[in-house]
Amino acid sequence: NSLEVHGSISVRAPGVVIKNTRVIGVRELKTGLIASRSTGLTVRDSEIYSEHRNPTTNGIMGSNFTLDGVEIRDVVDQVHIHGAGNVTIKDSWLHSNVHYTNDPNWGGKPSHDDNIQIVSGSNISITGNRLAGAHNAAVMITQDAGKVSDITVSKHRIGNGGCSVNLSPGTTSSVSGLKFHKNGFEANQRVRDCAIIGPRAYKSTAQGNYWIATGQLAPMSDGGY
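Residues numbered from 1 in each chain as written. Predicted model: local features only at pLDDT ≥ 70, side-chain atom pairs only at ≥ 80, totals over all residues. Heavy atoms only, no water.

(A) Representation of the sheet that holds strand β26 (residues 220-222) within the structure. Spatially, the nine strands line up as an open sheet ordered β2-β5-β8-β11-β14-β17-β20-β23-β26, and their pairing is parallel. Of all the strands in the sheet, just β2 (9-11) and β26 have a single pairing partner and so form its edges. Direction aside, the axes of adjacent strands within the sheet are offset by 15° on average. (Pairing = 2+ DSSP bridges. Helix = DSSP H or I, 4+ residues; strand = E, 2+ residues; numbered from the N terminus. Axes fitted to C-alpha atoms, helices over the stretch in contact; angles between N-to-C directions.)

(B) Structural view of the nonpolar core. Residues Val79 and Phe180 are the most contacted members of the largest nonpolar core, which totals 45 residues. Contacts of Phe180, omitting those with residues within four sequence positions, involve Ile141, Val153, Val165, Leu167, Ile196, Thr205, Ala206, Gln207, Asn209 and Met220. (Core = buried A, V, L, I, M, F, W, Y, C linked by side-chain atoms within 4.5 Å. Buried < 20%, exposed > 50% of the residue type's maximum accessible area, 1.4 Å probe, protein only. Contact = heavy atoms within 4.5 Å.)

(C) Main features of the layout of surface pockets. Space inside the largest pocket adds up to approximately 340 Å³. Lining of the largest pocket is provided by 19 residues; of these, Asp77, His80, Trp106, His112 and Gln117 occupy positions nearest its centre. Those elements giving two or more residues to the lining of the largest pocket turn out to be β8 (58-62), β14 (114-118) and β17 (137-142). Of the residues assigned to the lining of the largest pocket, the class counts are five nonpolar, nine polar and five charged. (1 Å grid on protein atoms, 1.4 Å probe; cavity = no way out; pocket = protein on both sides within 12 Å on 5 of 7 lines; lining within 4 Å. Points joined across faces, edges and corners; volume = space filled by probe spheres on them. Nonpolar A, V, L, I, M, F, W, Y, C, P; charged D, E, K, R; others polar.)

(D) Main features of unusual backbone geometry. Residue Asn64 is not a glycine yet carries a positive backbone phi of 60°. As for its placement among the helices and strands, Asn64 is situated in the loop between β8 and β9 (65-68). Asn64 gets classed as buried once you look at its relative accessible area, which sits at 18%. Not every positive phi belongs to a glycine, and Asn123 is a case in point at roughly 60°. Among the secondary structure elements, Asn123 is positioned in strand β15 (residues 121-127).

(E) Structural context of the sheet that holds β9. Pairing within the open sheet is parallel, and its eight strands lie in the order β3-β6-β9-β12-β15-β18-β21-β24. The sheet is open, and its two borders are formed by β3 (17-19) and β24 (206-207), each paired with just one other strand. Bridge count between β15 and strand β18 (residues 148-154): six bridges; the pairing is parallel. Opposite Gly121, over in β18, you have Val148 as the bridge partner.

(F) Up close: the side chain of Asn129. Looking at the secondary structure, you find Asn129 in the loop between β15 and β16 (130-131). The buried category is assigned to Asn129, whose relative accessible area is 3%. Separated by 3.2 Å, the side chain of Asn129 and the backbone oxygen of Thr127 make a polar contact. A distance of 3.0 Å separates the side chain of Asn129 from the side chain of His156, its partner in a polar contact. Setting aside chain neighbours within four positions, we find Asn129 in contact with Ile89, Lys90, Asp91, Ser92, Lys155, His156 and Arg157. (Polar contact = N/O pair within 3.5 Å; in protein donor to acceptor, adjacent residues only side chain to side chain.)

(G) Here's a closer look at the pattern of salt bridges. Taken as a whole, this structure holds 12 salt bridges when the rule is applied. With a shortest N-O distance of 3.1 Å, Glu47 and Arg22 are connected by a salt bridge. With Glu47 in strand β7 (residues 47-50) and Arg22 in strand β4 (residues 22-25), the pair connects residues that are 25 residues apart, well separated along the chain. Assessed through its relative accessible area of 16%, Glu47 is described here as buried. Residues joined by salt bridges that share partners form a network here, namely Glu4, Arg22, Glu47, Arg53, Glu71, Arg73 and Asp74. (Salt bridge = Lys/Arg side-chain N within 4 Å of Asp/Glu carboxyl O.)

This is how it looks when you write it as structure tokens:
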């Protein structure tokens with residue numbers, strides 16, 4: 001409670017609470033400024049960022065955590081979910097991603113920076129957040145590290161990205177229990193009018209999403225696997 005940590009935090013005990021705290025990265029890391037390696041982590045009313053902007057460091061990585069009223073900035077991915085899942089992100093501000101046009105981690109191609117990247121896990125609730133400043137996607141969902149299921153993305157203010165929400169489940173298994181509901185989108189994507197993109201079979205998972213400026217519906221665009 002009420003600390004300023006210059007470095008990173010690795011959580012290995014269950015039921016840890018970090019609140020009213022600032023976590024400041026000071027060097028390049030191959031993990032997150034917070035690494036969730038146990039169960040029941042809560043981060044509340046806190047700030048996470050790196051003073052040393054670099055192409056590798058992320059904000060929080062892992063599974064089994066809750067973010068409530070947290071600001072994360074100046075990292076590549078603010079949130080990177082892998083493992084079991086069991087993640088709640090609410091009332092938080094994720095913004096100002098680190099991006100390189102020629103990223104050494106991507107063979108000189110542009111960075112794949114996301115506000116939230118999900119590569120495996122289930123029971124994931126993402127509600128009421130402000131997501132901005134990512135080049136690749138505000139929310140990127142793949143199954144690169146395992147099965148993904150039971151994800152709710154709702155009631156956000158979302159902008160930026162190529163398409164702001166990118167669903168790319170692959171062909172190995174379908175994503176069940178997926179909901180993109182009542183999100184407001186700013187019209188500043190690199191791909192014009194592309195709020196959400198995903199395979200045609202998932203279009204029914206997107207309901208009540210809208211463009212903030214006009215109030216018109218923002219349907220899911222048809223994209224491949």
